[in-house]
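# Summary of structural features
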Amino acid sequence: MVSRDTKETALLVAGGVVGFLVATALGAPSAVAWGILIGVGGVGPTVRDEWRRRQDA
């Protein structure tokens, strides 16, 4: 069985990839597209994990 954390991380990563592809397709500057990818797909899961860790403490 897949844990809740893994599902949420996968959802954020997929959202980042989709956001990147949509931004690229709409002709957004590459800095914006990469910002979406890194912000949602990379930083988002880290922030969520840290927030959840602090809630448990």
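The present account deals with the structure reproduced in this document. (Residues numbered from 1 in each chain as written. Predicted model: local features only at pLDDT ≥ 70, side-chain atom pairs only at ≥ 80, totals over all residues. Heavy atoms only, no water.)

## Here's the deal with the pattern of salt bridges
Pairing of side chains with opposite charge becomes possible as their charged atoms draw close. Cut-off, in case you're wondering: Note on definitions: salt bridges are taken to be side-chain nitrogens of Lys or Arg within 4 Å of carboxyl oxygens of Asp or Glu. Every helix listed is a DSSP run of H or I at least four residues long, and every strand listed is a run of E at least two residues long, numbered separately from the N terminus. Relative accessibility decides the category of a residue: with a 1.4 Å probe and only protein chains considered, values under 20% of the type maximum give buried, values over 50% give exposed, and everything between is partly exposed.
Enumeration according to the criterion identifies 8 salt bridges in this entry. Of the charged contacts in the structure, one is a salt bridge between Glu 8 and Arg 48, with a shortest N-O distance of 3.3 Å. A residue pair is termed long-range when its members are at least 10 positions apart, and Glu 8 in helix α1 (residues 4–25) and Arg 48 in helix α2 (residues 30–56) qualify at 40 residues. You'll find Glu 8 and Arg 48 in the same group, each marked buried. Across the pair Glu 8 and Arg 52 runs a salt bridge, and its minimum N-O distance is 2.9 Å. Here Arg 52 lies in helix α2 and Glu 8 lies in helix α1, a separation of 44 residues in the sequence.

## Points about a nonpolar patch on the surface
Using the following cut-off: Each patch is built from residues that are more than 30% exposed by relative accessible area and take part in no salt bridge. Like charges join if they lie within 9 Å; nonpolar side chains (Val, Leu, Ile, Met, Phe, Trp, Tyr) join within 5 Å. Reported accessibility uses the Shrake-Rupley method at a 1.4 Å probe radius. Residues are deemed covered only where the shown protein chains occlude them.
On the surface, a nonpolar cluster with roughly 390 Å² of combined accessible area is contributed by Trp 34, Ile 38, Val 43 and Val 47. In this fold, Ile 38 is placed in helix α2.

## Some remarks on the side chain of Arg 48
So the rule is basically this: Polar contact is the term for a pair of N or O atoms within 3.5 Å; when the atoms are in protein, one must be able to donate a hydrogen and the other to accept it, and sequence-neighboring residues count only if both atoms are side-chain atoms. Note on definitions: a residue-residue contact is assigned when non-hydrogen atoms from the two residues lie within 4.5 Å.
Given the relative accessible area of 12%, Arg 48 is considered buried. Only 2.5 Å separates the side chain of Arg 48 from the side chain of Thr 9, close enough to count as a polar contact. Within the structure, the side chain of Arg 48 is placed 3.0 Å from the side chain of Asp 49, a separation counted as a polar contact. If near-sequence neighbours (up to four positions away) are discounted, Arg 48 is found in contact with Asp 5, Glu 8, Thr 9 and Leu 12.

## Points about the side chain of Glu 8
Only 3.3 Å separates the side chain of Glu 8 from the side chain of Arg 48, close enough to count as a polar contact. For Glu 8, the residues in contact, after removing those within four places along its chain, are Arg 48 and Arg 52.

## Considerations on α1
To be explicit about the condition: Expected span of a helix: the number of residues minus one, times 1.5 Å. Note that the arc is defined by the directions from the helix axis to the C-beta atoms.
With 22 residues, α1 should reach 32 Å at 1.5 Å per residue; the first-to-last C-alpha distance of 31 Å fits that figure. Those residues of α1 not exposed but buried are Glu 8, Gly 16, Gly 19, Phe 20 and Ala 23. Buried positions in α1, seen along its axis, are confined to an arc of 115° and lie on one side of it. For α1, exposure combined with an orientation more than 90 degrees from the buried face picks out Leu 11, Leu 21 and Ala 25. Positive backbone phi, approximately 85°, marks Gly 27, located one or two places after α1.

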